[in-house]
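Spelled out from the first residue to the last, the chains are:
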Amino acid sequence: MSGSLQLTGLTRVHAAGAPPALDDLTLAVPAGSCVAVLGPSGSGKSTVLRLTAGLDTPTRGSVHLDGRDLAGVVPERRGMAMVFQRPLLFPHLSVRDNVGFADRVRGLPRRQARERAEHHLELVQLGGFGSRPARALSGGQAQRVALARALAAEPRVLLLDEPFSALDTGLRQEMHELLADLRLRLAPTVLLVTHDPAEADALADTVAVLAAGRLQQLGPMRELYARPRSLAVSRLLGGRTEVPGTVTGGRHRSALGELELPAPAPEGPGVLVVRPEAVTLVAAADADARGTVVQVRRRGLRALVTVEVAGRGTEPAAVAAELSPGEEVAVGAEVGLRIPVTARCVVPPAGLADAREGASAHDRQR
Amino acid sequence: MSAPLLVSRLGSRLGRGALAFWLVLPLVPLLLWAAADRWSAPALLPQAWGTTGLAEARAAGAGAAAVRSAVLGTAVAVLATPLGALAGRALTSGALRAPGLVFAVLLSPLVLPPFAVALGLDVLLLRLRVPAEVGLVLLLTVAAIPYTTVVMRAAYAAHDRHHDEEARLLGASAWRVVRSVHLPLLAPAVAGAAFLAFLVGWSDYVVTLLVGGGRLVTLPLLVGAAASATGNDAQVAVLALSAVLPPVALLVVIGSIGRRARR
Amino acid sequence: MTAAGRAGAGSRRATLLVLPAVVPVVVVVGAALTSAVLLSLGLTPLVGRPELSLDAWRATELGTSIRLSLAIAAGATAVATVVGLCLALAVTAGARRSRLLATLSSLTIPVPHLVGAAAMGLLLADAGFLPRLLGIAPADWPALVGGRWWIAVGAEYAWKESAFIALVVAGVLSSRVASYTETAALLGAGRWARFRHVTLPLAAPALGASAAVSFVYTLGSYEVAALLGRPSPEPLPVLAVRLFTSIDLAARPQAAAVAVTTSALGLVAVLVSLRSLRRLAAEQ
């Protein structure tokens, strides 16, 4: 039942002359896997789903399902189902008939469609809700029914467009567990769109980071956290520390001093990015750098502190560190910072990245 | 493009053409006759163009009749719009007892034929010595209340009360909220309701005929009189057009108010 | 203040807001109906002694007029409903929606029925625009105006009311249907299935209600039938107005009886359609 989806060079320009909403996206979703497209609002991530589903036509590029080109195939013949941010249950149908909708339009007799609907309602833990009117459900229940309705269509690809972002935190957690459970049982191919790194982390095998319509980086979430390829990706994933400097001979030189890098990086200007979770406060003797605590923010049991390190002849650098539970430090305290070698990552400076992008756009125009 | 898709596109084109034809066709002879001096069968277009129809219509008193119709329509709109707005507000407030019954009562003039109401009330108005003009405005206002109530009730129902609450929290008084939040947000609905009420007064025929007893000559009465006689098609067309154009112009103005409000 | 006291104050305020509209409606409708019933029963004659009698109800040929009025209203409403639904679909159908049709049908709304009747006369009479357009000689043209089948009358109502129905239904469709039809398409529903299972059920309440309104309107409308109809038999409104304006004062109670009958028919039609709309909602 699960198909493998291949997007190739997908581009969409909404209005002539406007910048493309989606620019040259190539992405594979292997059968039975879950790929998340992660991006801020306006990054073109919903466009990916609308083009895949056939609700909009791509300006360039193609969508292949199990090797078959879907160009010109209408949405109802693509074998996909989508769950939107709003549940969009048909208000004139009961819960059961909403879930049985795909079977009914496929020509299945009403009784059989209802039996199968009941089965799918049990899958989303809403057995017995079938005869309620669609309007009589809470937000979380309605979204479960929408999921059951999509699953009952037995799609070869399940498209999820920020399906849980309208729910509150607890419900969202429950839905994540439900979806993980459904993946174990049914192994559907899932293409998910979200703006929440935690959601992408919880649900997806592979994450594609999208910004301004362009694919920034593709890989497992762990890799994106550890080795962001650009400032944009680092920032989107909650990275806070950005220390400008220069790379020479595999070492990064900046206000923090000279730091050894785990992997070879291109020579020249580069920004050191480090996850706050990786940084620890230590005694001055063991420290990679020393500085003053300028800000402390509470985050539950943990505290997020910002340490300013005065450079010699350079601008001061700000490093964010997440303390372990119960650890306390006061603003103004002099502390030592330990940044493990494996946690160090260098990305191109913002101006340089923009210049490179501009050049490549220029190349395409020619 | 595939063959079935082409056929379906062509089919929908033809269907659209037929619908446009259906809507426009009845108005075509009206437009042609209004500018025709001579147009005898079986010619498809008038043999002589001219303004005879216009001259005849003016001689029949179209100007004064149009003014009377406009005054009548305005009076009905001025009365029925605020009444409908207040009722719409009350119906959506959730504080009203038996809102369903109240709404049904306010819609009841829609169910009753205007001629029946006019006919029943005519005798009473005569006995109470109510002037025909006052009786007419009263009757038509009642006939217009269902429209204004429906429009304003829908507008208040769609109106998000959080806007009001936000305005109150920002320091606006209750009246200020009505003036600075309600009216601007509901302006398109108010304009729409007033337009419908105006139409009730402007285009009424049978109530004016019965209550006015033929002494109060409005534009529709002139159209009716001209259309039931024969051989003056140009005059009928001019009179009919002059009964259509002012409300169409109003509709365009109101449409632009609505668009500006949405922006 | 207690919660109950606040609720009471709110309810009083709401009642005060609604009274200015309710009072004139109740007074006018109540007085008109009461006066018409009394008049039809001979209890309030303009001249002579009040005396209870059913003469007015027996004198007129009510049966023929009722059948004729119902037939005209039913025929015109049926055509208007089908055309109105097609218009609404064309105006709201996704990417290929028609702005032109939307403008044309909203411009038809403010045309008074009387003007529509005059226009239909100029269009459908034997020397009218349509026979000229089709190249048919006046002698060969069927009597659509003033003829046996009340074609011109029905056409005028169908024309005007189709625009009204389209406006109401398009309002419902445009606000709700686009996202639902997209969802349905993704669940595998083709064009016809989307229409049958999503668009039509969502449009049905508005379609039914607007059809009921235009049926009742057509039933009680005077001027179109008076202008474009034949002298006899007469639909109810034409009969009532003729009796009421005749010099014979004795005909007035008969006119009142016809008015009461028409009102009752309209009320029954509304109640029946309300019931079937409610059943429709319950089934869904």
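Residues numbered from 1 in each chain as written. Chains lettered and ligands numbered in written order. Predicted model: local features only at pLDDT ≥ 70, side-chain atom pairs only at ≥ 80, totals over all residues. Heavy atoms only, no water.

Remarks on the nonpolar core
Burial of nonpolar side chains together is a common tendency in soluble globular proteins. Applicable threshold: We call a set of buried Ala, Val, Leu, Ile, Met, Phe, Trp, Tyr and Cys residues a nonpolar core when their side-chain atoms join them within 4.5 Å. Relative accessibility thresholds used throughout: buried, under 20% of the residue-type maximum; exposed, over 50%; partly exposed, between the two (1.4 Å probe, protein chains only). Throughout, a contact is declared for two residues whenever any of their heavy atoms are within 4.5 Å.
In terms of nonpolar packing, the biggest core is built from 112 residues, with B:Leu106 and B:Phe115 touching the most fellow members. Not counting the four nearest positions on each side in its chain, B:Phe115 is found in contact with B:Val206, B:Leu210, C:Gly220, C:Pro237, C:Ala240, C:Val241, C:Ala259 and C:Thr262. Counting residues in each nonpolar core, the second largest holds 106 residues, with A:Leu158, A:Leu182, A:Leu191 and C:Val83 among its members.

Details of the packing of helix H2 (residues 27-34) of chain B against helix H5 (residues 113-124) of chain C
For clarity, the threshold we go by: Between N-to-C directions, angles cover 0 to 180 degrees, with each direction set by a line fitted to C-alpha atoms, over the stretch in contact for helices. Segments assigned H or I by DSSP are reported as helices when at least four residues long, segments assigned E as strands when at least two residues long, and all are numbered from the N terminus. Working rule for angles: under 35 degrees goes down as roughly parallel, over 145 as roughly antiparallel, 65 to 115 as roughly perpendicular, anything else as oblique. Amino acid classes used here: Ala, Val, Leu, Ile, Met, Phe, Trp, Tyr, Cys and Pro are nonpolar; Asp, Glu, Lys and Arg are charged; the rest, including Gly, are polar.
Orientation of H2(B) relative to H5(C), taken along the N-to-C sense of each, is 85 degrees, at an axis distance of 8 Å. Relative to H5(C), the element H2(B) lies roughly perpendicular. Judged by residue contacts, B:Pro29, B:Leu30 and B:Trp33 of H2(B) engage C:Val115, C:Ala119, C:Leu122 and C:Leu123 from H5(C). Taken together, the residues of the contact of H2(B) with H5(C) sort by class into seven nonpolar, no polar and no charged.

Comments concerning the interface of chain C and chain A
Quick reminder of the rule: Values labelled buried area give the accessible surface lost by two parts on being combined, using a 1.4 Å probe and summing over both. Every case where a carboxyl oxygen of Asp or Glu lies within 4 Å of a side-chain nitrogen of Lys or Arg is listed as a salt bridge.
Residue-level contacts link 20 residues of chain C with 23 residues of chain A. Interface area for chain C against chain A, summed over the two sides, is near 1,900 Å², with a carbon-plus-sulfur share of 67%. Three residues stand out in chain C for area buried against chain A, namely C:Tyr180, C:Leu186 and C:Leu187, and they jointly supply 39% of the buried area on that side. Counting the contacts that link chain C with chain A gives two salt bridges.

A word on the sheet that holds strand S19 (residues 334-338) of chain A
All names here are of chain A. Cut-off, in case you're wondering: Pairing between strands is defined by DSSP: at least two bridges between them are needed.
Taken in spatial order, the five strands of this open sheet run S15-S19-S16-S17-S18, and their pairing is antiparallel. Of all the strands in the sheet, the pair left with one neighbour each is strand S15 (280-282) and strand S18 (317-322). For this sheet, the mean angle separating the axes of adjacent strands, direction not counted, is 50 degrees. Relative to S19, S15 runs antiparallel, the two being bridged by three bridges. Its bridge partner being in S19, Leu 281 is matched across the sheet by Leu 337.

A word on the interface of chain B and chain C
Across the boundary between the two partners, chain B contributes 78 residues, which contact 78 residues of chain C. Here chain B and chain C share zero salt bridges between them. Counting residues per element, the side of chain B that touches chain C draws most heavily on helix H6 (residues 114-127) of chain B, at eleven residues.

A look at the confidence of the model for chain C
What counts is decided by this rule: A score between 0 and 100, pLDDT records how confident the predictor is in each residue.
Per-residue pLDDT for chain C has a mean of 89; in total, 95% of the residues score no lower than 70. Interface scoring of the predicted complex returns ipTM 0.90; its pTM is 0.84.

Looking at the packing of helix H4 (residues 62-93) of chain B against helix H9 (residues 174-203) of chain B
Residues and elements named next belong to chain B. Put simply, the rule reads: Helix crossings get a hand from a simple test, with the near helix turned counterclockwise from the far one by less than a right angle marking a left-handed crossing and a clockwise turn marking a right-handed one.
Where H4 meets H9, the axes come as close as 7 Å, and the angle between the chain directions of the two elements is 135 degrees. Considering their axes alone, H4 and H9 lie oblique with respect to each other. Every pair of crossing elements has a handedness; the one defined by H4 and H9 is right-handed. The residues of H9 that touch H4, namely those facing Ala 66, Ser 69, Ala 70, Leu 72, Gly 73, Thr 74, Val 76, Ala 77, Ala 80, Thr 81 and Arg 89, are His 182, Val 190, Ala 193, Ala 194, Ala 197, Phe 198, Gly 201 and Trp 202. Broken down by class, the residue content of the contact of H4 with H9 amounts to twelve nonpolar, six polar and one charged.

What about the side chain of A:His120?
Residue and element names in this part refer to chain A. Here His 120 shows up in helix H4 (residues 110-123). In this structure His 120 comes out as buried when scored by relative accessible area, which is 6%. Not counting the four nearest positions on each side in its chain, His 120 is found in contact with Val 99, Ala 148, Leu 151 and Ala 152.

Things to note about the confidence of the model for chain A
Residue and element names in this part refer to chain A. Averaged over chain A, the pLDDT score is 89; the fraction of residues at 70 or greater is 95%. For chain A, per-element mean pLDDT is lowest for helix H10 (residues 350-365), which scores 46, and highest for strand S3 (residues 34-38), which scores 96. A low-confidence stretch, residues 354-366 (pLDDT under 50), is modelled with four contacts involving residues beyond four sequence positions or located in other chains.

Overview of empty space enclosed by the protein
Take a probe with the size of a water molecule and roll it over the atoms, and the empty space left behind shows itself. Put simply, the rule is: Using only the protein atoms, space was sampled on a 1 Å grid; points where a 1.4 Å probe fits but cannot get out form cavities, open sets with protein on both sides within 12 Å along at least five of seven lines form pockets, and lining residues are those with an atom within 4 Å of a point. Grid points are joined across faces, edges and corners, and a volume is the space filled by probe spheres set on the points.
On inspection of all chains with the given rule, the structure shows three cavities of 30 Å³ or more. Looking at the largest cavity, its volume works out to about 90 Å³. As for the largest cavity, its lining consists of A:Leu224, A:Tyr225, A:Ala226, A:Pro228, A:Ser234, A:Leu237, A:Gly239, A:Val273, A:Val274, A:Arg275, A:Ala343 and A:Cys345. Of all the secondary structure elements, the ones that give two or more residues to the lining of the largest cavity are helix H8 (221-226) and strand S14 (268-274) of chain A. A per-element tally of the lining of the largest cavity places H8(A) first, with three residues. Of the residues belonging to the lining of the largest cavity, the class tally is nine nonpolar, two polar and one charged. In this structure, the second largest cavity encloses a volume near 60 Å³. Lining the second largest cavity, in full, are C:Ser69, C:Ile72, C:Tyr157, C:Thr218, C:Leu219, C:Ser221, C:Ala225, C:Pro235 and C:Pro237. For the lining of the second largest cavity, the elements supplying multiple residues, two or more each, are helix H3 (62-92) and helix H8 (191-219) of chain C.

Some details on unusual backbone geometry
The linkage connecting C:Ser232 with the following residue, C:Pro233, adopts the cis geometry, with an omega of 0 degrees. Among the structural elements, C:Pro233 can be located in the loop between helix H9 (223-228) and helix H10 (236-245). Even without a glycine there, the phi angle at A:Asp66 is positive, about 50 degrees. Of note, A:Asp66 is situated in the loop between strand S4 (60-65) and strand S5 (68-69). For A:Asp66, a relative accessible area of 42% translates into the label partly exposed. Even without a glycine there, the phi angle at A:Ala187 is positive, about 45 degrees. The class for A:Ala187 is partly exposed, based on a relative accessible area of 33%.

Here's the deal with the pairing of strand S16 (residues 289-299) of chain A
Residue and element names in this part refer to chain A. Strand direction decides the pairing type here: S16 and S19, joined by four bridges, are antiparallel. Counterpart to Gly 291 in the pairing with S19 is Val 335. As defined by bridge partners, S16 adjoins strand S17 (residues 302-309) across seven bridges and the pair is classed as antiparallel. Note that in S17 the partner of Val 293 across the bridge is Val 307.

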